[in-house]
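Reading the structure
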Amino acid sequence: MSQGFGLTTTARLALLQRLAKRRARQEESGGSGDARGFSALPGLRDFELMRTAIEALHLPNPFFRTHEGIASATSRIEGQEVLNFSSYNYLGLNADPRVMAAAHAAIDRHGVSASASRLVSGERPVHAELEAAIAAHYEAEAALVFVSGHATNVTVIGHLMGPRDVILHDAMAHNSCIEGARLSGARRIPFAHNDPQAAERELAAARRGAGRALIIIEGHYSMDGDVPDLARFIEIARRHDAWLMVDEAHSMGVLGPTGHGIAELQGVDPSEVDIWMGTLSKTLSACGGYIAARRELVDWLRHTVPGFVYSVGLPPVLAASALESLRILHAEPERVARLNANTRRFRDGLQARGLDTGSSAAHAIVPLMTGSSVRAGQLSGELFKRGVNVQPITFPAVPERAARLRFFLTSEHTAEQIDRAVGIIAAASGGLAPVELAG
Ligand code: PLP
């Protein structure tokens, strides 16, 4: 095991012994060595190790927790009312009565499914309305919506680029961008996180001899909560004849005084970005993804990209929910201001107590660096016991030393809730026992 997961050497050895025993038991009972078995799948060992560590440390499992109602500033999980920091309900629109009414009306009119691909089976009016609204949001010529944000990146990047091409992406880019790049067969080059100079160096070295080039960045990074210098990336893209794609999953409705994203925050002309991508699942309180760009690209995607052509249309109920959420976002920019103020209050509160919040720019996402996966798991478990729900981000999602808790704020958190959470977090962080294995 190359990673220590924050355990002492003795604890690590004990854990490895446990893992070895578990494997031996599985093998005895025929769970392994079976030609048709799945136990050799990559990643399974890391997952088993993490599960064994969770059990050995008597931590509550932080994954797949069941929310019994609406997950907003608070949530009810396993019968307990908690302060919630693990949902992307950034502007509190998931339970907004106007969004629910739009969803009900769409169900009454169309049922719950689009029932087939839009290309072959036809549109619902709300698809075109949503696409027009998203295009207008980015001052783009056109937009296209897909059934999943993840699938949008995979299918669009995978389809747009090919084996002769080169893709540069931020080292902390979302998995969906990386999967899309892999699918394309293009040469894939990660550059150091949020470092335009590194991106330019890599691009300059790789550009000659390559076909097309694509730079992928995020408007607001989901792990660290920091933002790139968009104008610099535009310059680099132009200088090296590359397209620039910006994933706005966590910037739509979050960045800029009216939530128009990174371009608004930094006063950049949005038409300078070649491909805007985002999801409907966060601020827009639905599910699905979108691309906003020039009409020629959107038309090409609409007729050729496999994840759209060969996949069911976005359920009208979700299109209607996203459309109404977008309308509310534009009508009530004070929600964006509240979200940003809440996040600043939370981040500054943690920092004032000497806690490490990494490079968070305090727009909606605040990491709390813990230095090890076990400590992240331990702290998440302790906080849950004290009524704060937050997920640990552990190896292999981030390098072991970059393990953390990741807090998502909403416009709906009150100042009292934020201050209470900060107090609980500071107390729990200081009072953690050294990591030793129980039993
Ligand atoms: N892009 C980024 C940056 C994300 O953080 C996510 C999801 O968290 C996605 C894409 C995928 O979006 P979805 O969860 O809506 O499929």
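Since we're looking at a predicted model, the values are computed, not measured. (Residues numbered from 1 in each chain as written. Predicted model: local features only at pLDDT ≥ 70, side-chain atom pairs only at ≥ 80, totals over all residues. Heavy atoms only, no water.)

The subject of this paragraph is the pairing of strand β9 (residues 289-293). Within β9, five of the five residues are buried, leaving the element largely enclosed by the surrounding structure. Both faces of β9 are covered, namely the face carrying G289, I291 and A293 and the face carrying Y290 and A292. Here five bridges tie strand β3 (residues 142-146) to β9, and the two strands are oriented antiparallel to one another. Paired with V145 across the bridge in β9 is Y290. Relative to β9, strand β8 (residues 275-279) runs antiparallel, the two sharing five bridges. What sits directly across from G278, in β9, is Y290. (Buried < 20%, exposed > 50% of the residue type's maximum accessible area, 1.4 Å probe, protein only. Helix = DSSP H or I, 4+ residues; strand = E, 2+ residues; numbered from the N terminus. Pairing = 2+ DSSP bridges.)

Tracing the sequence through the fold places N153 in helix α6 (residues 149-160). Residues in contact with N153, not counting those within four places in the same chain, are G158, S176, C177, G180, M245, D247 and M277. (Contact = heavy atoms within 4.5 Å.)

This next bit is on the pattern of salt bridges. Going through the model one piece at a time under the given rule, you end up with 27 salt bridges. R76 is the partner of E81 in a salt bridge, and the nearest nitrogen-oxygen pair spans 3.5 Å. A residue is classified by how much of its surface remains accessible, and E81, at 48% relative accessible area, is partly exposed. Across the pair D224 and R404 runs a salt bridge, and its minimum N-O distance is 2.9 Å. Here D224 is found in the loop between β6 (213-218) and α9 (230-239), whereas its partner R404 is found in strand β13 (residues 404-408), with 180 residues between them in sequence. Owing to a relative accessible area of 8%, D224 belongs among the buried residues under this scheme. In this structure, a network of salt bridges that share partners links the residues D96, R98, E332, R335, R338 and E412. (Salt bridge = Lys/Arg side-chain N within 4 Å of Asp/Glu carboxyl O.)

We now examine the nonpolar core. Counting 81 residues, the largest nonpolar core has I134, I215, L230, L244, F346, L383 and F407 as its most contacted members. With seven residues, the top contributor of residues to this core is helix α13 (residues 316-331). In contact with L230, not counting residues within four places along its chain, are I217, L244, V246, I262, A263, Q266, V268, V273 and W276. If you look at the next biggest cluster of nonpolar residues, it comprises 25 residues, including M161, I167, A186 and F308. (Core = buried A, V, L, I, M, F, W, Y, C linked by side-chain atoms within 4.5 Å.)

Alignment of strand β4 (residues 166-170) against strand β5 (residues 187-191), held across five bridges, turns out to be parallel. Looking at the pairing, I167 lines up with R188 of β5. In the classification by handedness, the crossover that spans β4, the intervening helix α7 (residues 175-184) and the parallel β5 is right-handed. (Right-handed = clockwise from strand over helix to strand, strands pointing away.)

Attention shifts here to the domain arrangement of the chain. Domain boundaries assigned for the chain yield domain 1 (60-90 + 333-430) and domain 2 (97-331). Between the C-alpha centres of domain 1 and domain 2 there is a distance of 26 Å. The partner domain 2 presents 26 residues to the 21 residues of domain 1 that form the contact. Together, the buried faces of domain 1 and domain 2 total about 1,700 Å²; carbon and sulfur atoms form 60% of this surface. Area buried by domain 1 at its contact with domain 2 is led by P333, V336 and H363, which between them contribute 29% of it. At the boundary of domain 1 and domain 2, one finds one salt bridge. The interface formed by domain 1 and domain 2 contains eight residue pairs in polar contact (both at pLDDT 80 or more). (Domains from an automatic or database assignment. Buried area = accessible area lost by both parts, 1.4 Å probe. Polar contact = N/O pair within 3.5 Å; in protein donor to acceptor, adjacent residues only side chain to side chain.)

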